[in-house]
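Overview (structure and organization)
Spelled out, the chains give:
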Amino acid sequence: MTEEIPEVDYVSGTGIPIRGNDIDTDQIIPARFMKVVTFDGLGQFAFFDLRFDDDDEPKDHPMNEDRFKDSSVMVVNANFGCGSSREHAPQALMRWGIDAIVGESFAEIFAGNCLALGIPTVTADHETISELQSWVEENPDGDIDVDVEAETVTYGGNTVDVTVDDAQRKALVDGVWDTTALMKSNARAVQETANSLPYIQSDD
Amino acid sequence: MSEGTLYDKVWNEHTVTTLPTGQTQLFVGLHLIHEVTSPQAFGMLRERDMEVAFPERTHATVDHIVPTADQSRPYADGAAEEMMSELEENVREAGIDFSDPTSGDQGIVHVIGPEQGLTQPGMTIVCGDSHTSTHGAFGALAFGIGTSQIRDVLATGCIAMEKQQVRKIEVTGELGDGVEAKDVILEIIRRLGTDGGVGYVYEYAGEAIENLGMEGRMSICNMSIEGGARAGYVNPDETTYEWLAETDAFRDDPEKFEKLKPYWESVRSDDDAEYDDVVTIDGNELEPVVTWGTTPGQGVGITEPIPAPEDLPEDKQDTARRAQEHMRVTPGETMQGYPIDVAFLGSCTNARLADLRRAAALVKGRQVHEDVRAMVVPGSQRVQTAAEEEGLKDVFEEAGFEWRNAGCSMCLGMNEDQLEGDEACASSSNRNFVGRQGSKDGRTVLMNPRMVAAAAIRGEVTDVREMKEVNVA
């Protein structure tokens, strides 16, 4: 079965700043919301404990603000998405409306999970990110253009250089970020590799 | 780039081809699955009309949601029951071996793989769980993956990955009394940072590492991910082989053991291997480490003062301030005397037989503090049975600990074992994130298992070196 994988060379939309280093995936999606067998409906639980109090009343959080409710580009700080490998985290953000994340740095498993969903995770230094976060605060309706191919982010007439991991850029731009079919087409080579491994030979 | 390391060798052995993205298509020797991160992957497979490519190289268990008290079916928690049923159906349909609770082999995925001999040197091992790095203790290349990648592995037996750099972390000397593997890894994370390992695989080496048993090596590799490294490993040696010889895989098949040993030996890092980075830590200097904050990198020696945020690097100050407010700790003081409400002895980091033995030796003849709720959750049913047979259960129960069934339990609060309100927990687990143990106001202090036992008895964080062990006859 061949499937059409969209190319993600460009993401455009308004921004939302989520400040702080070391934001872990337990914060992005608390474990109690993972007692599900599909990812449907996870969007409403993104950052739940930071957004709602014990009585489920909204707290002060960018994701609760009207001005950011249609945003699709999240701007974060360092080591975003650390901790648990749960894909529920980027799934929740995607289902809330996020199409791209710009930050100082990302935890590896999280970035890999984003790529598997076609969500770019692009990086820039602390100063660049801080300026962008402040700009978003002041311009919640302003568009941010994330050019994955050119490795730039443009906002308010300002274009800054960002970094996109090589494999990520190629995968997104060429539309080969869904690797299942791609790897399946190499089934014969896979079998050859498997057969060459001593621990598999000894099982035969 | 590194050359001649175990990582390079195992990577090369498992390389299928280079993908158009520049990533390597890597064959997966062992795919471990559990109930939380796999159901959606099986769903995606069905949507695409694909089948599991290598069911014989896949093994399942149930750990995250399994109740540790009443395990009768259906589970009292309907959501947990649904996840369990879904897993049962998926493994039945695909013909995947399942260490289910009726088998006597169930347990935390990172405990059962090593104890059954599924985990072997020179293998590539993946699981939809970040603590898969644990299996690196055997000289395997093991890392956590997300659910879309689980789909990849189920459908193709492979994963798409970029090669990483290798950092050798050499721990020299001898660990002092009361200092354990857990303290070594907490110290490493504290020094190198929670993101210090991003882009790296960690090779743990040096005398202090080589002198550890397999359980200690697993505790260290387990928390590689807390330092940002997706994988960590120890080169296989006689200690590794002794463990393997006793497992299901080789106990009755010494011929197979002898046949594979040359391969295991061959993947060890060469003496003249090249590394991208080398860090040396003096093991003689270490003391028990506990966390004061809300990331595993916010740790401190038990006799050292908690740092003031303004004394930390600028990019760490804000996180430290928020963490100290949440934990209600004061810079300048030590963590000794920090009152605790709960003691949790469990998790894939520290719930193996050797961990429980050491803790029990301290607990014997003492009582859990009257204000503390203390529980022991063995890492697997086999650990549980062995501990019961050698009397550890009695030691813990006589002291006032609850003795539970195997599972992830209070490490992440996906079953009924959770902190309540702002309870503080002395925990042998791996994450002290806000909300991790089930209550968003809960406070977690990470420490080694004997330190957890000491805290349970005293009702506060305690330097275990102050407490003498009562002779266990």
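Residues numbered from 1 in each chain as written. Chains lettered and ligands numbered in written order. Predicted model: local features only at pLDDT ≥ 70, side-chain atom pairs only at ≥ 80, totals over all residues. Heavy atoms only, no water.

Moving on: the interface of chain A and chain B. Each partner contributes residues to the interface: chain A has 57 residues there, and chain B has 73 residues. The contact between chain A and chain B buries some 5400 Å² in all, and 58% of this surface belongs to carbon and sulfur atoms. Counting the contacts that link chain A with chain B gives five salt bridges. Where Arg 436 of chain B meets Asp 26 of chain A, a salt bridge forms, and the shortest distance between an N and an O atom there is 3.0 Å. In this structure, the connection of chain A to chain B is made through 25 residue pairs in polar contact (both at pLDDT 80 or more). Every element with two or more residues in the side of chain A that touches chain B is listed here: α4 (108-116), α6 (166-173), α7 (179-184), α8 (187-196) and α9 (198-201) of chain A. At six residues, the largest contribution of residues to the side of chain A that touches chain B is made by α8 of chain A. Looking at the side of chain A that touches chain B, its residues break down into 24 nonpolar, 17 polar and 16 charged. (Contact = heavy atoms within 4.5 Å. Buried area = accessible area lost by both parts, 1.4 Å probe. Salt bridge = Lys/Arg side-chain N within 4 Å of Asp/Glu carboxyl O. Polar contact = N/O pair within 3.5 Å; in protein donor to acceptor, adjacent residues only side chain to side chain. Helix = DSSP H or I, 4+ residues; strand = E, 2+ residues; numbered from the N terminus. Nonpolar A, V, L, I, M, F, W, Y, C, P; charged D, E, K, R; others polar.)

All names here are of chain B. The domain architecture assigned to chain B consists of domain 1 (6-266) and domain 2 (289-466). In this structure, domain 1 and domain 2 have C-alpha centres spaced 24 Å apart. At the interface, 44 residues of domain 1 touch 48 residues of domain 2. Carbon and sulfur atoms make up 50% of the area that domain 1 and domain 2 hide from each other, which totals about 3700 Å². Across the domain 1-domain 2 interface, the total number found is five salt bridges. With a closest N to O distance of 2.7 Å, Glu 180 and Arg 358 form a salt bridge. Across the domain 1-domain 2 interface, the total number found is 32 residue pairs in polar contact (both at pLDDT 80 or more). Contributing elements (two or more residues each) for the side of domain 1 that touches domain 2: α4 (109-116), α6 (181-192) and α8 (214-222). (Domains from an automatic or database assignment.)

Before going further, it helps to examine the packing of α6 of chain B against α8 of chain B. Residue and element names in this part refer to chain B. Where α6 contacts α8, the two axes come as close as 8 Å, and the packing angle between them is 20°. On the basis of their axis angle, the class for α6 and α8 is roughly parallel. Of the two possible hands of crossing, α6 and α8 adopt the one that is right-handed. Taken together, the residues of α8 that come into contact with α6 (itself represented by Ala 181, Val 184 and Ile 185) are Gly 216, Ser 219 and Ile 220. Looking at side-chain class alone, the contact of α6 with α8 contains four nonpolar, two polar and no charged residues. (Axes fitted to C-alpha atoms, helices over the stretch in contact; angles between N-to-C directions. Parallel < 35°, antiparallel > 145°, perpendicular 65-115°, else oblique. Left-handed = near helix turned anticlockwise from the far one by under 90°.)

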